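Here are the chains, one letter per residue:
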Amino acid sequence: YMTTLESLHERISRCEKCLLCETRKNAVPGKGNKNAEIMFIGEAPGRNEDLNGEPFVGSAGKKLNHALENAGLNRNMVYITNIVKCRPPENREPNQEEREQCRKYLEDEFALIKPKIICLLGATAYKTILNGSEISKNHGKLVNKDGRNYFITFHPAAIIYNQKLTDDFQNDIKKIVDILKNS
Ligand code: URA
C-alpha cells in the first residue's frame with residue numbers, strides 16, 4: 001500500500017519480488033524533490049548506482065546533470081528514478097518479469113510526486129511505458145496517456161561522445177522547461 005515517499009523507498013530497498021534482489025548490492029529507489037514538477041525515468045541502475053543506492057551517479061548521471069544545469073535546473077528540483085530499481089547482471093536490459101514486478105513502485109512514485117511532466121530517458125523507458133520505438137524520430141515529443149504527460153528523449157548514456165546527440169538532448173531538456181513555463 002502507499003503511504004509516504006520515505007516508506008515507499010524503504011519498501012523498495014527491502015524488495016524481493018524478482019530475482020534481481022539476489023545479485024544487487026543495493027536497491028536504487030528514486031531520488032529528488034518530492035514536489036518536483038518534472039520526473040525523469042531511466043532504465044535500471046548500473047554499477048555505480050548499485051554500489052551507492054542512488055540513481056544516475058555515474059557517467060550517464062554527469063551528462064544528465066550537465067543538461068539539467070544548462071536548462072536552469074538541478075538535481076534538487078527534479079525527481080529521478082528508473083523502470084527497475086535493481087541492477088540487472090552485466091547491465092543487461094531488464095526483462096518483462098522484472099519490469100512488471102517493479103511497475104507498482106513506479107505507479108506509487110507517480111501518485112506521490114504528481115509530476116506535471118514525466119520525461120522518458122531512452123528506449124527502455126519509452127517502450128515500457130508507451131510501447132514506443134524509434135527514439136531518434138520521436139525525441140522531443142510530448143505524449144498524453146491516461147491523463148499523464150510524457151516527454152520523450154534519449155538516454156544520457158546514448159549521447160556520450162556524440163556532439164549532435166548531446167545538442168539534441170540538451171535542447172530537449174530545455175524544451176521541457178519551456179513547456180512548463182507555457183502551461
Ligand atoms: N542508467 C540508467 O538508466 N539509470 C541509472 O540510474 C544509471 C544509468
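A brief look at the structure comes next.

About the thresholds
- Residues numbered from 1 in each chain as written.
- Predicted model: local features only at pLDDT ≥ 70, side-chain atom pairs only at ≥ 80, totals over all residues.
- Heavy atoms only, no water.
- Helix = DSSP H or I, 4+ residues; strand = E, 2+ residues; numbered from the N terminus.
- Areas by Shrake-Rupley, 256 points an atom, 1.4 Å probe, with all protein chains shown as cover.
- Lys, Arg positive; Asp, Glu negative; His and termini not counted.
- Charge placed at Lys NZ, Arg CZ, Asp CG, Glu CD.
- Buried < 20%, exposed > 50% of the residue type's maximum accessible area, 1.4 Å probe, protein only.
- Axes fitted to C-alpha atoms, helices over the stretch in contact; angles between N-to-C directions.
- Parallel < 35°, antiparallel > 145°, perpendicular 65-115°, else oblique.
- Contact = heavy atoms within 4.5 Å.
- Nonpolar A, V, L, I, M, F, W, Y, C, P; charged D, E, K, R; others polar.
- Expected span 1.5 Å × (residues − 1).
- Polar contact = N/O pair within 3.5 Å; in protein donor to acceptor, adjacent residues only side chain to side chain.
- Pairing = 2+ DSSP bridges.

### Overview of the overall build of the chain
Line of reasoning, step 1. The helix and strand tally for the chain stands at seven helices and six strands.
Line of reasoning, step 2. Scanning the chain from its N terminus toward the C terminus, one meets helices and strands in the order α-β-β-α-α-β-α-β-α-α-β-β-α.
Line of reasoning, step 3. Overall, the C-alpha framework of the chain stretches about 40 × 35 × 30 Å when taken along its three principal axes.
Line of reasoning, step 4. Element-wise, carbon and sulfur atoms account for 45% of the exposed surface of the chain, whose accessible area totals about 9400 Å².
Line of reasoning, step 5. Separation of charge centres in the chain, based on 28 positive and 24 negative side chains, amounts to 3 Å.

### Looking at unusual backbone geometry
Line of reasoning, step 1. Here Phe56, not a glycine, exhibits a phi torsion of approximately 50 degrees, which is positive.
Line of reasoning, step 2. Taking relative accessible area as the criterion, Phe56 reaches 6% and is therefore assigned buried.
Line of reasoning, step 3. One non-glycine residue with positive phi stands out, namely Tyr161, at about 70 degrees.
Line of reasoning, step 4. Among the secondary structure elements, Tyr161 is positioned in the loop between strand E6 (148–153) and helix H7 (163–181).

### Details of the packing of helix H4 (residues 96–113) against helix H5 (residues 123–130)
Line of reasoning, step 1. Closest axis-to-axis distance for the H4/H5 pair is 12 Å, and the angle between their directions is 85 degrees. Judged on the interaxial angle alone, H5 and H4 are roughly perpendicular. For the pair formed by H4 and H5, the contact residues are Arg99, Arg103, Leu106 and Phe110 on the first element and Thr124, Thr128 and Ile129 on the second.
Line of reasoning, step 2. By residue class, the composition of the contact of H4 with H5 is three nonpolar, two polar and two charged.

### Some points on H7
Line of reasoning, step 1. With 19 residues, H7 extends 27 Å from end C-alpha to end C-alpha; this agrees with the ideal 27 Å at 1.5 Å per step.
Line of reasoning, step 2. For H7, the set of buried residues is Leu165, Thr166, Asp168, Phe169, Gln170, Asp172, Ile173, Ile176, Val177 and Leu180.
Line of reasoning, step 3. Sitting at the amino-terminal end of H7 is Asn162, which places a side-chain oxygen 3.2 Å from the backbone nitrogen of Lys164.

### Concerning the sheet that holds strand E1 (residues 31–32)
Line of reasoning, step 1. Strand order across the open sheet formed by six strands is E1-E3-E2-E4-E6-E5, with mixed pairing between neighbours. Single-partner strands in this sheet number two, and they are E1 and strand E5 (142–145).
Line of reasoning, step 2. Pairing analysis gives four bridges linking strand E2 (residues 38–42) to strand E4 (residues 117–121), with the strands arranged parallel. For Phe40, the partnering residue across the bridge sits in E4 and is Cys119.
Line of reasoning, step 3. Across the sheet, H7 is in contact with E2, E4, E5 and E6; its angle to E6 comes to roughly 160 degrees.

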